[in-house]
Amino acid sequence: MSSIDVSEIFDGIQPAAKRRRDDNYGQSVANLNTGNADTAEILAALEEDDSQEESVDETAVKRIVLQLEKRTLRNREMRIKHADDPQKFMESEVELNTAIQEMHCIATQPDLYGIVVETGAISTLMQLLAHENTDIIGAVLSLLQELTDVETISEGVESALELIGALVEERLAETIVQQSFERLNEAVKDEADAVNNALIIIDNILDPMPQFAAKCVEQGLFKWLLNRACKKSNFDANKMYASELLALILQLADVAREQLCADVNGVDMILTALASYKRRDPGSPDENEHMENLFGALCASLLYAPNRLKFLEGEGIQLMNLMLREKKQSRQSALKVLNHATTGPEGRELCSKFVEIFGLRTLFPLFMKTPTKAKRKDTSPNEHEENVCSIIASLFRFVDLDSRQRLILKFVEHEQEKVDRAIELILKYQHRLRSFEKRNAQGPSTSQEDEDEDEKYIQRLDAGLYTLQLVSLILTDVCVGSHVCLSRAEKVFRMKTKNGNVLAHLGPVLEDYIEHLGEEAVEEKKRVGDMLLALEGMVDAPAQ
């Protein structure tokens, strides 16, 4: 018999005799009529009753841990001795479970976690995660989940961090995957809850210790999360949690992005899982979060250049383009993925592929009009416009001459309406940036003096400068490539600002952009500088 249902064992045990209440016992409990009291009244009465409280100190912790070790040892001996007769080790199983439950009181005293580590309790608990009885595994995972509660850890108690360090040192991730998950059957509710507790523990540790993400990859948990999140099965809470942790680990650890396609094609697995949402929306808010987690995992994976080739080979560009056309909830996230895929020199082939599959027909309607809030779901107008403009700017930067001409023709068609839209966006983000700088100037002067210049620049980028740079790059490219578009831009700028000099609007933005590019961006600096020189020559030409 491989497992014993401890809950069934407890059914046959008589409850302990109730302790006699003294005269000071809380009257709210004594006078409570449980026949007609509601849940809130019962909970309130129990909170007022402190008669059952037991102080937990160092001595108590040592006693509880020692009891756990003794009962663990006795249960192991009884299982070996009576391997063919579960009835004979049943009592020791109940005692072990009780010992684990008694350790929950320690969770109220995180300052005593150091004693738990010193007494070797962590090693004992790790051994129990490989127990033959899944109820014991579930009990240990429930205990560890409470001990590592994120609110407790966030308080910064040194001994709480010591406990987390001990769990990591004992190879928690490996033990959970190779021992606990091998025994737990998620078709059984209690065991599915145990898996959920295991995932919560991992999440709790990653919060204060992001370097643990690399351990999760090294010890096999990352691979398990990938399979669980992408598995073709009914949606459930554990599937959502697996996708959340998958995305988080990919964001935190370089090694995760590198290993994603080492043994299996992880990018293709994520794309296959996302393909189910190309023509249908998620069935619930939780499933929508699962879908967003998968998109987040895909975006993070594309930060590693070789994964972009896998994305290209897996027809990821085609899938994202289809999602843009279908106008389902996946559309905005697909736009974000395309932004990640096409950004930087590593996105050159992906940019070419996007133009090749007629992606411009899908992209430019999104450039012309920001979808309403109902259609954008959780994405803000600024995020939408940033993603669209970033993709177009990347296309101008990386595609060949033929594809570049197709881009420029998009701005020429329909009486240069896209030039009008570009100028509309430039004026919008200029206004946002001026408002931010005005608010910043009115703040305390001391904070401005102390603030790092790089931090100020990042704040300006977040306040609208980044999108302003993107649209300025696009419009400069268009005006240099088409005299018709340049004439239209001069006319619209004159109407909107009374200054028709295109270079006066775009030059300062792009000069600032060049100034803040890194030393390695030699090619981009030259490209933008050459565009400004060409635009200057075209603007000055009529006067010559």
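Residues numbered from 1 in each chain as written. Predicted model: local features only at pLDDT ≥ 70, side-chain atom pairs only at ≥ 80, totals over all residues. Heavy atoms only, no water.

A. Representation of the overall build of the protein chain within the structure. Looking only at helices and strands, the protein chain features 31 helices and 0 strands. Sorting the 544 residues of the protein chain into buried and exposed places 48% on the buried side. A separation threshold of at least 6 residues defines the contact pool for the protein chain, and within that pool the share at least 24 residues apart is 75%. Accessible surface computed for the protein chain: about 27700 Å², of which carbon and sulfur atoms make up 47%. (Helix = DSSP H or I, 4+ residues; strand = E, 2+ residues; numbered from the N terminus. Buried < 20%, exposed > 50% of the residue type's maximum accessible area, 1.4 Å probe, protein only. Contact = heavy atoms within 4.5 Å. Areas by Shrake-Rupley, 256 points an atom, 1.4 Å probe, with all protein chains shown as cover.)

B. Spatial organisation of the UniProt feature "repeat: ARM" (unreviewed entry) in the protein chain. UniProt tags residues 120–148 as "repeat: ARM" (unreviewed entry). For residues 120–148, the end-to-end C-alpha separation is 17 Å, with 76% helix and 0% strand making up the annotated structure. (UniProt positions renumbered as here; feature names shortened; annotations may be inferred.)

C. Summary view of the environment of Cys-216. Mapped onto the elements, Cys-216 comes out in helix H13 (residues 212–218). Judged by its relative accessible area of 0%, Cys-216 falls in the buried class. Counting along the chain gives 10 residues from Cys-216 to Leu-206, while the straight-line C-alpha distance between them is 9.7 Å. Those residues in contact with Cys-216 that sit more than four places away from it in its chain are Ala-173, Ile-202, Leu-221, Phe-222 and Ile-249.

D. Seen up close, the pattern of salt bridges. All chains considered together, the criterion is met by 28 salt bridges. The residue Glu-95 makes a salt bridge to Arg-74 at a minimum N-O spacing of 3.1 Å. Here Arg-74 lies in helix H4 (residues 58–81) and Glu-95 lies in helix H5 (residues 90–102), a separation of 21 residues in the sequence. Overall, Arg-74 belongs to the partly exposed group, its relative accessible area being 33%. For Lys-189, the salt bridge goes to Asp-193, with nearest N and O atoms at 2.9 Å. Of the two residues, Lys-189 and Asp-193 are both situated in helix H12 (residues 189–206); the distance of 4 residues between them amounts to about one turn of the helix. Its relative accessible area of 60% is what places Lys-189 among the exposed residues. According to the relative accessible area criterion, Asp-193 is partly exposed, its value standing at 33%. Three or more residues are tied together by salt bridges with common partners; here these are Arg-397, Arg-404, Asp-477, Glu-524 and Arg-527. (Salt bridge = Lys/Arg side-chain N within 4 Å of Asp/Glu carboxyl O.)

E. The arrangement of the packing of aromatic side chains in detail. Evaluation of the coordinates by the stated rule reveals 5 aromatic pairs. Joined through ring pairs, the aromatic side chains of Phe-364, Phe-367, Phe-396 and Phe-411 make up one cluster. The side chain of Arg-361 reaches across the aromatic face of Phe-358, ending 4.5 Å from its centre. (Phe/Tyr/Trp six-rings, centres within 6.5 Å; stacked < 30°, edge-to-face > 60°. Lys NZ or Arg CZ within 6 Å of the ring centre and 35° of its normal.)

F. Fine view of the nonpolar core. Counting 151 residues, the largest nonpolar core has Leu-144, Leu-172, Phe-181, Phe-311, Met-320 and Leu-395 as the members making the most contacts within it. Per-element tally for this core: the top contributor is helix H26 (residues 401–441), with 11 residues. Formed by 8 residues, the second largest nonpolar core is a distinct cluster that contains Leu-473, Tyr-513, Ala-521 and Met-531. (Core = buried A, V, L, I, M, F, W, Y, C linked by side-chain atoms within 4.5 Å.)

G. Structural detail: unusual backbone geometry. Despite not being glycine, Gln-416 shows a phi value in the positive range, around 55 degrees. Looking at where Gln-416 falls in the secondary structure, it is placed in helix H26. We note that Lys-498 has phi near 70 degrees; this positive angle belongs to a residue other than glycine. Structurally, the position occupied by Lys-498 is in the loop between helix H29 (483–497) and helix H30 (502–515).

H. Up close: the environment of Asp-268. Within the element layout of this structure, Asp-268 appears in helix H17 (residues 266–275). According to the relative accessible area criterion, Asp-268 is partly exposed, its value standing at 31%.

I. How the structure looks around the packing of helix H15 (residues 237–252) against helix H18 (residues 285–301). Viewed as axis vectors pointing N to C, H15 and H18 meet at an angle of 25 degrees, and their least axial separation amounts to 8 Å. By the angle between their axes, H15 is roughly parallel relative to H18. Here H15 runs over H18; the crossing is left-handed. Facing H15, whose interface residues are Lys-239, Met-240, Ser-243, Glu-244, Leu-246, Ala-247, Leu-250 and Gln-251, H18 presents Asp-286, Glu-289, His-290, Asn-293, Leu-294, Gly-296, Ala-297 and Ala-300. For the contact of H15 with H18, the class distribution of residues is 7 nonpolar, 5 polar and 4 charged. (Axes fitted to C-alpha atoms, helices over the stretch in contact; angles between N-to-C directions. Parallel < 35°, antiparallel > 145°, perpendicular 65-115°, else oblique. Left-handed = near helix turned anticlockwise from the far one by under 90°. Nonpolar A, V, L, I, M, F, W, Y, C, P; charged D, E, K, R; others polar.)

J. Highlighting the side chain of Ser-180. Residue placement: Ser-180 occurs in helix H11 (residues 172–183). Not counting the four nearest positions on each side in its chain, Ser-180 is found in contact with Leu-129, Ile-137 and Thr-175.

K. Region of the structure containing H30. The end-to-end C-alpha separation of H30 is 20 Å, in line with the 20 Å expected for 14 residues at 1.5 Å each. Buried residues along H30 sit in contact with H26, helix H28 (453–481), H29 and helix H31 (522–540). (Expected span 1.5 Å × (residues − 1).)

L. Local environment of the environment of Glu-118. For Glu-118, the location among the structural elements is in helix H6 (residues 113–118). Separated by 45 residues in sequence, Glu-118 and Leu-163 have C-alpha atoms that sit 9.6 Å apart.

M. Highlighting H29. Between its first and last C-alpha atoms H29 spans 21 Å; for 15 residues at 1.5 Å apiece the expected length is 21 Å, and the two agree. Among the residues of H29, Cys-485, Leu-486, Ala-489, Glu-490, Val-492 and Phe-493 are the ones counted as buried. Residues of H29 that are buried make contact with H26, H28, H30 and H31. Just downstream of H29, Lys-498 is the residue with a positive phi angle, here 70 degrees.

N. Structural context of the packing of H26 against H28. Between H26 and H28, whose axes approach to 8 Å, the crossing angle comes to 150 degrees. Taken together, the axes of H26 and H28 are roughly antiparallel relative to one another. As H26 packs across H28, the resulting crossing turns out to be left-handed. Residues that form the contact of H26 with H28 fall into these classes: 17 nonpolar, 6 polar and 6 charged.

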